[in-house]
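Inside the fold
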Amino acid sequence: MRREIVTFLILFLLWLIFSGMFDAFHLALGVVSCLIVTLISGDLIFQNERFTMNHIKEGIRFIKYLPWLIYQIILANIHVAYLVLHPKMPIEPIIIAYKAKLKRDISKVVFSQSIILTPGTITMDIVDDTFIVHCISKKVADDLFTGEMEQRIADVFERENTKRSL
Amino acid sequence: MENFFIFTIIVIGILVILCLYRAIFGPTVMDRIVAVGVIGTKTTVILVLIGIYYKRVEMFVDISLAYALLNFIATLAASKFFRTRKSILPGTKFMKDREAEK
Amino acid sequence: MIVEYIIDAFVIILVLLGLFFLFTATVGLLRFPDFYCKLQATGKGDTLGAILILLGVILYNLHDFSLNNFLVCLKILFIIIFIFHANPVATHAITKAGLDADVKPLTKEDIRK
């Protein structure tokens, strides 16, 4: 039940931002439509889980992870600009398989999106816990294999799980 | 400032025309899907800038938001469609098997 | 007055940086040999370029502060968050489609030829 309430609150906040009207009629419309959506698909955002304090903690840790990601994105763009504007285009594409230790779905999703946004790599496919990654040169592949990004994402999303299993 | 935003709109428009070259003459279907996605992102930005220029941002932002959503879904649908319709791509395994059958 | 000029300068810097990254994405789309490499350029350059230009627009919009303007800024922020999530997903979807359709990625030797 708690996850439905949180879903409703998120939807209603979005309604307030998007409508921009604060009179009784429009607020009532918002409450009715958010209730209908919550009844039909209240289990979409928090799947098969109850909403707990862990979600809030994960959110805070994820926001702390973002500055590093933005720094990596800027590095990636400078790298792409260098490759594109170089007259000879020094690329040597290579495909690697990267075996990750991440367990949960959400951490896999965040990891693959981070791979796409960081220098010279895009995720092509995910089979169980093997990431098939297209790298634009050998050097970027070595950067990925240091495992720094995976460690950071494990810190964000997998801390509670490891504690529970201990 | 208005002149600067007009300049920005014109530059992004030129970039869209350059992308259009890839969308029309692209060697494979996949190149065209990529080009259309890129044009969609640029159009989202252009719509917001047009709103700034005409001083009606609150209206154009909604259009831009809807365009971003539509563009995302269009890219997903196109890539899903061409994943199942392998025969459309030239030089693929499906096509070679077909030629071998003949 | 001076504060407004400083804000304008920041807006111009942000928008010009965004234009540069959109430009690199477009040139990458035109120059790179196969479509996996093209996605390398567009997936990154388009995301950051669009985000920087929209951030500049938000900063410009905060000139005269009112509730309406603040809501518009929140909506533009929502567009930024959406682009930030949707662009990598679209990139991954296209790559996966190419992989499933057996489009062979070029390797170092193919490019040398």
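Residues numbered from 1 in each chain as written. Chains lettered and ligands numbered in written order. Predicted model: local features only at pLDDT ≥ 70, side-chain atom pairs only at ≥ 80, totals over all residues. Heavy atoms only, no water.

With that out of the way, let us pick up the overall build of chain C. Helix and strand counts for chain C come out as four helices and zero strands. Against the compact-globule benchmark of 13 Å for 113 residues, chain C has a radius of gyration of 19 Å, which places it well outside the compact range. Across its three principal directions, the C-alpha atoms of chain C cover 60 × 25 × 15 Å. Across the 113 residues of chain C, 57% fall into the buried class. Contacts spanning at least 24 positions in sequence make up 73% of the contacts within chain C whose residues lie at least 6 apart. Counting every atom, chain C has about 4800 Å² of accessible surface; 72% of that belongs to carbon and sulfur. Here chain C carries 9 positive and 9 negative side-chain charges, and the mean point of each set is 12 Å from the other. (Helix = DSSP H or I, 4+ residues; strand = E, 2+ residues; numbered from the N terminus. Rg over C-alpha atoms; globule rule 2.2 N^0.38 Å. Buried < 20%, exposed > 50% of the residue type's maximum accessible area, 1.4 Å probe, protein only. Contact = heavy atoms within 4.5 Å. Areas by Shrake-Rupley, 256 points an atom, 1.4 Å probe, with all protein chains shown as cover. Lys, Arg positive; Asp, Glu negative; His and termini not counted. Charge placed at Lys NZ, Arg CZ, Asp CG, Glu CD.)

Once that is clear, we can look at the interface of chain A and chain C. Residue-level contacts link 39 residues of chain A with 38 residues of chain C. For the chain A face of the interface with chain C, the top three residues by lost area are Asn-77, Val-84 and Met-124 of chain A, together amounting to 18%. Inspection of the region where chain A meets chain C yields one salt bridge. A salt bridge links Lys-96 of chain C to Asp-125 of chain A, with the shortest nitrogen-to-oxygen separation between them at 3.3 Å. Here chain A and chain C share nine residue pairs in polar contact (both at pLDDT 80 or more) between them. Within the residue set of the side of chain A that touches chain C, elements represented by two or more residues are helix H1 (2–19), helix H3 (53–85), helix H4 (105–117), strand S2 (121–127) and strand S3 (130–135) of chain A. (Buried area = accessible area lost by both parts, 1.4 Å probe. Salt bridge = Lys/Arg side-chain N within 4 Å of Asp/Glu carboxyl O. Polar contact = N/O pair within 3.5 Å; in protein donor to acceptor, adjacent residues only side chain to side chain.)

Moving on: the interface of chain B and chain C. Across the boundary between the two partners, chain B contributes 44 residues, which contact 42 residues of chain C. Across the chain B/chain C interface, buried area totals approximately 3800 Å², and carbon plus sulfur atoms make up 81% of it. Residues Asp-46 of chain C and Lys-42 of chain B are paired through a salt bridge, measuring 3.3 Å at the closest nitrogen-oxygen approach. Linking chain B with chain C are seven residue pairs in polar contact (both at pLDDT 80 or more). Sorting the residues of the side of chain B that touches chain C by element identifies helix H1 (2–25), helix H2 (29–54) and helix H3 (57–84) of chain B as the ones contributing at least two each. Sort the elements by how many residues they give to the side of chain B that touches chain C and H3 of chain B lands first, with 14 residues. Here the side of chain B that touches chain C is built from residues that sort into 28 nonpolar, seven polar and nine charged. (Nonpolar A, V, L, I, M, F, W, Y, C, P; charged D, E, K, R; others polar.)

Looking now at the environment of Leu-47 of chain B. Its location among the elements puts Leu-47 of chain B in helix H2. Separated by 33 residues in the primary sequence, Leu-47 of chain B and Lys-80 of chain B place their C-alpha atoms 27 Å from one another.

Right, let's get into the pattern of salt bridges. Residues and elements named next belong to chain B. Throughout the structure, instances matching the rule amount to six salt bridges over all chains. With a shortest N-O distance of 3.1 Å, Glu-2 and Lys-55 are connected by a salt bridge. Residue Glu-2 is located in helix H1, and its partner Lys-55 is located in the loop between H2 and H3; the two are separated by 53 residues in the primary sequence. For Lys-55, a relative accessible area of 56% corresponds to the exposed category.

Turning next to helix H2 (residues 35–61) of chain C. Compared with the 39 Å implied by 1.5 Å per residue over 27 residues, the 38 Å span of H2 of chain C between its first and last C-alpha is a close match. For H2 of chain C, a buried count of 25 out of 27 residues is recorded, marking the element as mostly surrounded by other parts of the structure. (Expected span 1.5 Å × (residues − 1).)

This part covers the packing of aromatic side chains. Taken as a whole, this structure holds 15 aromatic pairs over all chains when the rule is applied. Taking 5.4 Å as the distance between ring centres and 45 degrees as the angle between the ring planes, the aromatic pair formed by Tyr-21 of chain B and Phe-25 of chain B counts as tilted. Taken together, the positions of Tyr-21 of chain B and Phe-25 of chain B, both in helix H1 and four residues apart, correspond to about one turn of that helix. Linked through ring pairs, Tyr-98, Phe-111, Phe-131 and Phe-145 of chain A together constitute an aromatic cluster. (Phe/Tyr/Trp six-rings, centres within 6.5 Å; stacked < 30°, edge-to-face > 60°.)

Here the focus is the confidence of the model for chain A. Averaged over all residues, the pLDDT of chain A is 81; the fraction at 70 or higher stands at 93%. Taking the mean pLDDT of every element in chain A, the minimum, 55, falls on helix H7 (residues 159–165) of chain A and the maximum, 90, on helix H2 (residues 24–41) of chain A. (pLDDT = per-residue confidence, 0-100.)

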